[in-house]
Amino acid sequence: MINSTLKALSQQLAAKAISSEELAGLYLDRIEAANPLLNAFITVDRERSLQLARAADAVRARGEAGLLTGVPVAHKDIFCQQGWKTSCGSRMLDNFISPYDAHVIERCAQAGLVTLGRTNMDEFAMGSSTENSWYGPARNPWDRNAIPGGSSGGSAVAVAARLAPAATATDTGGSIRQPASHCGITGLKPTYGVVSRYGMVAFASSLDQGGVMAQTAEDCALMLNTIAGFDERDSTSVERTGEDYTRKLGDSLAGLRVGLPREYFADGLSADVARVVEAAVAELKKLGAEVVDISLPNTELSIPAYYVIAPAEASTNLSRYDGVRYGHRAAEYRDLVDMYERTRAEGFGREVKRRIMVGTYVLSHGYYDAYYLKAQKIRRLVSDDFKAAFESCDVILGPVAPTAAFDLGANADDPLQMYLSDIYTLSVNLAGLPGMSVPAGFAANGRPIGLQIIGNYFDEARMLNVAHRFQQATDWHRRVPAL
Amino acid sequence: MSLTHQDVARIAKLARINVSDDEIDAVGAQLNTIFDMIAKMQAIDTDGVEPMTHPQDSALRLREDIVTEPDRRDAFMAIAPQAEAGLFLVPKVIE
Amino acid sequence: MKWEVVIGLEVHVQLSTVSKIFSGASTAFGAEPNTQASAVELAYPGVLPVLNRAAVSRAIRLGLALGSNINRKNVFARKNYFYPDLPKGYQISQMDLPIVEGGHLTIQVGDEEKRIRVTRAHLEEDAGKSLHEDFHGMTGIDLNRAGTPLLEVVSEPDMRSGEEAVAYARTLHSLVTWLGICDGNMQEGSFRVDANVSVRPFGQAEFGTRCEIKNLNSFRFLEAAIQYEVQRQTELIEDGGRVVQETRLYDPDRGETRSMRSKEDAHDYRYFPDPDLLPVRISEAQIEAERIAMPELPSAMKGRFMSEYGLSAYDADLLTSSRELAAYFEEVARASGQGKLAANWVAGEIAARLNRAGLSIAACPLDAGRLAGLLARLVDNTISGKIAKDVFELMWESADSADAIIEAKGLRQITDSGAIESIVDEVIAANARSVEEFRAGKEKALNALVGQVMKASKGKANPAQALEILKKKLTA
């Protein structure tokens, strides 16, 4: 049961083979047992979850159940959820019980999904290892000495360790794809604007996008069906008619043009990852795909551009945490300015403070043109690279990260090293494109490695099609870590 | 480029983050490694490139002028660090 | 040394929308603290701004009225600074691409007209309020006002006296209320003025160092603050000192400006385009729709009143000082068919009575239709001018029409020449001396006789007719 996909669970519930309450109980028991080892969840509230499950059972009893009614899921602690602590992995919001629901949470509730808990994450989604959480690092279930990736590390761990069949997550520079890759699960970041940002605690507004994690591409499609869609409360939410993301899953890959960017296979890519990605590409060729050599010449520049733009936006998005209306306030202070400075010094962790300072500097008088404006121009170049590439291919394939998950603490004092490892994921966010990570193999040390699929704008269904056909031909996504 | 002690102190002040004087140089050193990486951008000729502020190149949607938000003061005040008489309290603001 | 004063104004016009600029919270004034501050105004984690269409529409209308360029693409930016009444730690405003650029406002100072150039007008959100009453030594923050839409109208430094600055502020105030984009209530802060003031020796091309005086919420304070500031700056320079560029606050109790210490630390607002909001795009169709929906502008109406009704510039100016007054006048003029007469009555009797009663034209007890009815009786000689004033007084106190009052009081003018003749005969018989004087060539005596006829008829005889009959009888 615990290894079942979302889809299988929904069938079990529909067949009344199990109740939602029993199912939630099963997962909650596992969480209780495993969370001390994995630290995947920041908040678990058994009674509240069971209550939601009983309500779902009542809906089913009335004959009003939908496809996912009663299925349990985990939510990244970045989505505001009424009555639940929404900490965003920060001491600043450790006491913040949200008085409202994010759009993603509303959609999940409407679909009848049962919240199992709130997953661990890098503070304010800033990080690639979940080591920047105020609540301590989450651990990779394949090797607890390894990082699970980040920032959505808790969600990835929860799905990989079968503590939840699916989870919500967010991706600003790779925060869905990279932990999905490191934990051997399927993760999808939609096109910017497909999922409303309303109620999603902001990191970098022009890059943030909510998405999903699950065992399979098909489950990701079902989850995306649930959370995608227009929301008038987000001015950047795209007004499009709803689509069924499962509709192309079974399509043939014959004739599909798969672009392989030269720059993604150059220096810096580990042998393990190169081997796994090449094998995956070979598998897709067997399924009928044609490989096209493409170039994304500005890939390397996406790192400096991203590490200017994201901190710039973050530095002002996080100005609201001032100890006045909610959240942490320093216990002692001399005056107003001192209250601000101590509150923010205490409430934010090191990485968050670092990025706020970088962002403050690049926007400050006399530096704006050299940094922020320059980065925006490079963003255009990076984005144009993709436009050109998609002239000759339908999807782009590549690695998610240069290596499999590194050891916990390995980069603790070297933020720059962490930044550089985001090289294959950042440009997708700069361009606003959709991307996925699909389990594709393992490193020599047994840590999972994912294959990145990048789609054109609003081409999630095709991306899912590629991932699904790949998963039908392989079993990497069925591998489960021994706990 | 290299951030000086004063630069770091100024940024910290602007960002309203207390950084003690003996931490400043360590913080500055890390910022400098980041800015060294960022400096790679400067070598690229971007003359005539239109800055990209947003992944979407469309127009802002506007809402109708109607009141939709109810009064939720009690719920909001309940989680305020310090409140009284329906007001958020802060250390004295001097004008 | 002779000093020239240079003034530019920045006016914060609160736009009269029912909801906030970026949320559906109410903008109504005077509510209990923080009851109109939604999660958006409180800057809760995860909330997002959504722009109010009515704020954009109002900004376009002012731009059209000022003859400005409406930027088809305009952009919201974040202005970053920490202050407890600014919950996000940034104000959403417009920097590089404001909605309105250029244009001008014509002001009247004495007999002279002067054009004041407008630099720009940009949309932004208002901040909350800090309440400094003592809460155990702390300040209370009320965020009801936060997010109220503002249009900040910035002028060029084109004004050369406090009088011109006040005229500009007044003209802009009447324009925004005329357009219906602002309620104009200065006590409630709907129209707030910041004045940039500097002085320079006459003939010097460069501007002197300016000081910005913040938050002047009455025309009187504006004038007094400028006067104080000009004196302060000239004395400072004449004493060998230098003006420091700074923000100052006017203290109406002391009648002086003082430096704002809290804003001392150098600002670095770190403006950048707000990534939560895409550029605002304004179509030609929308601009045309706003133009069509706009009322006739006061300047255009003033010209039309002069040509259409033959009014003097003075009367036309006075009658277009507010949209309600102009509409009242025009209704009277149209209904009575007597533009000039209507102007005399509206600018004269009506204005005087309203003034005495402390009423606005909107609260005028005598509606335009009734006044037109009175003027019609005056024109068709049913009553005389003198009787008309009596009827006016009765109408002011009642809801009756002129006709009803004329009938009820028997005030109809006597136009029957037989009746007037008999009164004239009586007057001639009783005023032999005046008759003698007239016949001796003293024309003035005739006026006295007409007066007697009017008196004998209790004012009801048609004076022109009485004069004619008198003349005829006396020269016969």
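It should be noted that the structure appears before, not after, this text.
A.B. asks: Just to check I follow, could you spell out the overall build of chain A for this structure?
C.D. replies: For chain A, the helix and strand inventory stands at 15 helices and 11 strands. Since a compact globule built from 483 residues should have a radius of gyration of about 23 Å, the 21 Å found for chain A is in line with a globular shape. Sequence-distant contacts, at least 24 apart, represent 76% of the contacts inside chain A between residues at least 6 apart. In the form shown here, chain A has an accessible surface area of approximately 14,200 Å², with 47% of it arising from carbon and sulfur atoms. When the 48 positive and 55 negative side-chain charges of chain A are each reduced to one mean point, those points stand 1 Å apart.

A.B. asks: Just to check I follow, could you spell out the interface of chain C and chain B for this structure?
C.D. replies: Contact with chain C, which involves 56 residues of that partner, is made by 38 residues of chain B. In total, about 4,100 Å² of surface goes out of reach between chain C and chain B, with carbon and sulfur atoms giving 59% of it. Sorting the residues of chain C by area buried against chain B places C:Arg53, C:Met138 and C:Leu278 first, and these three jointly supply 16% of that buried surface. Linking chain C with chain B are two salt bridges, by the criterion used here. In this structure, the salt-bridge partner of B:Glu64 is C:Arg53, at a minimum N-O distance of 2.8 Å. Those elements giving two or more residues to the side of chain C that touches chain B turn out to be helix H1 (53–65), strand S9 (129–135), strand S10 (138–142) and strand S17 (280–281) of chain C. Partitioned by chemical class, the residues of the side of chain C that touches chain B number 29 nonpolar, 15 polar and 12 charged. In the sheet, strand S2 (residues 87–91) of chain B pairs with S10(C) via four bridges, with the strands oriented antiparallel. Bridge pairing in S10(C) places B:Pro91 opposite C:Met138.

A.B. asks: Please explain the sheet that holds strand S4 (residues 76–80) of chain C as it appears in this structure.
C.D. replies: Read from one edge to the other, the open sheet built from three strands follows the order S5-S4-S16 (chain C), with strand pairing classed as antiparallel. At either margin of the open sheet sits one strand with a lone partner, and together these are strand S5 (90–94) and strand S16 (272–273) of chain C. As paired strands, S4(C) and S16(C) are joined by two bridges and run antiparallel to one another. The residue bridging C:Arg78 from the neighbouring strand is C:Phe272, located in S16(C). Across the face of the sheet, helix H9 (residues 302–317) of chain A comes into contact with S4, S5 and S16 of chain C while running at roughly 65° to S4(C).

A.B. asks: What is the right way to look at a negative patch on the surface in this model?
C.D. replies: All names here are of chain B. Together, Asp21, Asp22, Glu23 and Asp25 make up a region of like negative charge exposed at the surface. Position of aspartate 21 among the secondary structure elements: in the loop between helix H1 (5–14) and helix H2 (24–38). The class for aspartate 21 is exposed, based on a relative accessible area of 55%.

A.B. asks: How should I be thinking about the sheet that holds S2(B) in this particular structure?
C.D. replies: What links the strands of a sheet is backbone hydrogen bonding, and the strands pair in either a parallel or an antiparallel sense. Reading across the sheet, the four strands line up as S1(B)-S2(B)-S10(C)-S9(C) and stay open at both edges, with antiparallel pairing between neighbours. Each having just a single partner strand, strand S1 (83–84) of chain B together with S9 of chain C make up the two edges of the open sheet.

The rules behind each value
- Residues numbered from 1 in each chain as written.
- Chains lettered and ligands numbered in written order.
- Predicted model: local features only at pLDDT ≥ 70, side-chain atom pairs only at ≥ 80, totals over all residues.
- Heavy atoms only, no water.
- Helix = DSSP H or I, 4+ residues; strand = E, 2+ residues; numbered from the N terminus.
- Rg over C-alpha atoms; globule rule 2.2 N^0.38 Å.
- Contact = heavy atoms within 4.5 Å.
- Areas by Shrake-Rupley, 256 points an atom, 1.4 Å probe, with all protein chains shown as cover.
- Lys, Arg positive; Asp, Glu negative; His and termini not counted.
- Charge placed at Lys NZ, Arg CZ, Asp CG, Glu CD.
- Buried area = accessible area lost by both parts, 1.4 Å probe.
- Salt bridge = Lys/Arg side-chain N within 4 Å of Asp/Glu carboxyl O.
- Nonpolar A, V, L, I, M, F, W, Y, C, P; charged D, E, K, R; others polar.
- Pairing = 2+ DSSP bridges.
- Axes fitted to C-alpha atoms, helices over the stretch in contact; angles between N-to-C directions.
- Patch = residues over 30% accessible without salt bridge, like charges linked within 9 Å, V, L, I, M, F, W, Y side chains within 5 Å.
- Buried < 20%, exposed > 50% of the residue type's maximum accessible area, 1.4 Å probe, protein only.

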